[in-house]
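# Fold and contact review
Now for the letters of each chain:
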Amino acid sequence: MTRRLQALRVGNFKAFADAQRIPLKPITLIFGPNSAGKSSFIHSLALAHEAQFGREKRSLARLDVHHTDVGGSAIDLGGFRQYVHRGQLNKRVEWGAELKVSALSQRKDQRLVQLLAPISSVALNITLGIELDDQDRPKPGAEPRVDSIEILGDGTELLRMSRRRPRIQSDLFDNNRTEQQVPFSANDGINTLRLDRLASDHPVFRQVLKAIVEAQTTSEQMRPEDFDGANEAITALLPELVVRVDQFFPSSVELPKSDGADISPVSILFPVSKGNRKEDIAQAVRFVLPRTLNDLIKGLADALADELKQLQYLGPLRSFPPRHLAFAEHEDANWYAGGGYAWDVVRRDDAVREAVNGWLGSSKLKTPYKLVVRSLVALDQLQVPLEEGLERLQNDGLDMEHEEESQYVTGGAWPIIKDVEAATTDLLSAMESSDADRIRELVLVDQRTNTVVTHRDVGIGISQVLPVLVMAYGSRNKLLAMEQPEIHLHPALQAELGDVFIEAALGERGNTFILETHSEHLILRLMRRIREGTVSPDDIGVVFVEPLARGSRFIELRIDEEGDFTDEWPGGFFEESFHEKFAGR
């Protein structure tokens, strides 16, 4: 399955000083010692998600984030003063994302695909800052804001926009990169940036300018000297363009006021005369280019927003719901981050419950528990009394006294149910209660003793792994970030989680996993699957977060076709156990 999001970037955020690029694979594992900054990477995703989609918080700017919607109370960023690296307010937080151009949807992103055809990857990098006085203190009323945005194609700058005055160059065409002093006006506000630079010599814009001349003018061919006229037009045009940033990503390019601004560029053909060719081409560029820039910037922002919208987070401290799930309160701040929603999904979704039961009851795990839904009905909702309902079951041929012939086992005054789900359905049907009157209660059946229990009656490991399983089995094409998915699990179950992630990432569900983990058993299972040939090394990413004096850094650890690491683990991390397992192979 082709994925669009192939890397993320973060800098001057929490544990990280220098900007770090983190490649994303279908399954990316983040290892490192405690307090190194493993969670910081996931928290930067939560910040970006909140900035783009979060609800307005009372008395707080969108970027002055404490708690996030996606992270609930599990992620407390503490506001800009806390999440900027070492509280240095004169620094700017950096966040970026990189997309694979060939993976962009041909239908939805057709225009963007056309514009980016000359390159294989496109990245958008954002800096966040706050306006300070001459003593590096926030000015009264100052709020965190987007300070600059740059767009890169194959690692080379395409565009740069900011709210700061760019550097004045004596030669505006140094290396064919146009740059202009930006005149600020009263219309400049917290939601607007100015275009500083446009790399007209980049293959993307060379293609754009060529298309403008050959499709929007009477000239049939773009000549080398025509780029001079186009560059002059770009230089004059850039100061007039305003980029709106209503959330986190840029939302539009506002066009300069001019006659014919409402005319579609495809509906007009600019004449190019022999004696005035340079000026005529400049006029066509001035008219068409702003619309093209809007298509590029807004199209890229929309594609990134679509990716970020798929983010779902599961924290290390998961909800432990009350005994009776059917009557539990839900939709609290930690409904998703704490995994509380997972119990409701299992209660309502038969397919997810079946998948979870398949994992719990597999021959390898031999977990004795099975999740079952009971239909409960209040006595005053029954159209037939309970005693009469039981009598009907007996009259229909159900022998309550013979265990081998019945799904019930006699146990005192009341039957003990062997098949809770089937028996409940039969009984309710016999008593003619309507579906609307039923309450679906989720329970566990201990299949060793046919005893009905709840999650409160079994080990905590089951309750902690269930949200992990539901997130994996119940999600499709999602970006799933989990902290310590293996928590409270036996080592054998930690290893089995590796197969869960493989199925959910590389199978038809197509999810992307970012897993902050300490589990050696999890990575060993993935390495084993690579050796067996069922998983490619390109599907697994392993990143080590190394704490340094000036700030943590990411180290990518590569795996070869034999399932072995080609890079050494820093500081001997896992070195002893790996040596014991693979020595003598």
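Rules used throughout
Residue positions are given per chain, counted from 1 along the sequence in the order it is written. The model is predicted, so local features are restricted to residues of pLDDT at least 70 and side-chain atom pairs to those at 80 or more, both for listing and for counting; the totals for chains, interfaces and linings are taken over all residues. Where side-chain values are given, they derive from all heavy atoms of the structure, hydrogens and water being excluded. Pairing between strands is defined by DSSP: at least two bridges between them are needed. Secondary structure elements follow DSSP: runs of H or I of four or more residues count as helices, runs of E of two or more count as strands, with numbering from the N terminus. All axes are obtained by fitting lines to C-alpha atoms, using only the stretch in contact for helices, and the reported angles, taken between N-to-C directions, cover 0 to 180 degrees. Any two residues having at least one pair of non-hydrogen atoms within 4.5 Å are treated as being in contact. Between 30 and 60 degrees the pair is tilted, below 30 it is stacked and above 60 it is edge-to-face, where a pair is any two Phe, Tyr or Trp rings, Trp via its six-membered ring, whose centres lie within 6.5 Å. Note on exposure labels: buried denotes an accessible area under 20% of the residue type's maximum, exposed denotes more than 50%, and partly exposed covers the range between, all computed with a 1.4 Å probe on protein chains only. Our definition puts a charge over a ring when NZ of Lys or CZ of Arg is within 6 Å of the ring centre and also within 35 degrees of the ring normal. Polar contact is defined as a pair of N or O atoms within 3.5 Å, subject to the rule that within protein one atom must be able to donate a hydrogen and the other to accept it, and that residues adjacent in sequence are counted only when both atoms are side-chain atoms.

## Comments concerning the sheet that holds strand β21 (residues 512–516)
- Taken together, six strands build an open sheet; the order of strands is β14-β20-β21-β3-β22-β23 and the sheet is mixed. Each end of this open sheet is capped by a strand with a single partner; those strands are β14 (311–314) and β23 (553–557). Between one strand axis and the next, the sheet turns by 20° as a mean value, whatever way the strands run.
- Helix α11 (residues 460–473) contacts β14, β20 (479–483) and β21 of the sheet and is inclined by roughly 165° relative to β14.

## Brief notes about the packing of aromatic side chains
- With the rule as written, the count across this model stands at 13 aromatic pairs.
- Ring geometry for phenylalanine 41 and phenylalanine 554: centres 5.7 Å apart, planes at 80°, overall edge-to-face. With a gap of 513 residues between them, phenylalanine 41 in helix α1 (residues 38–53) and phenylalanine 554 in strand β23 connect regions that are remote in the sequence. Each member of the pair phenylalanine 41 and phenylalanine 554 is classed as buried.
- Feature note: the residues Phe31, Phe544, Phe565 and Trp569 constitute an aromatic cluster, connected by ring pairs.
- Sitting over the face of the ring of tyrosine 369, arginine 448 holds its NZ or CZ atom 5.8 Å from the ring centroid.

## Let's talk about the environment of glutamine 52
- With respect to the helices and strands, the residue glutamine 52 is situated in helix α1.
- Not counting residues up to four positions away in its chain, the partners in contact with glutamine 52 are Arg62, Gln247, Phe248, Phe249, Ala305 and Leu308.
- From its side chain, glutamine 52 meets the backbone nitrogen of phenylalanine 248 in a polar contact 3.1 Å long.

## As for the environment of glutamate 561
- Tracing the backbone shows glutamate 561 in the loop between β23 and α14 (575–582).
- Classification of glutamate 561 as exposed rests on a relative accessible area of 58%.
- Sequence-wise, glutamate 561 and isoleucine 530 are 31 residues apart; in three dimensions their C-alpha atoms are separated by 6.6 Å.
- The residues touching glutamate 561, leaving out its near neighbours within four places in the chain, are Ile530, Arg531 and Pro537.

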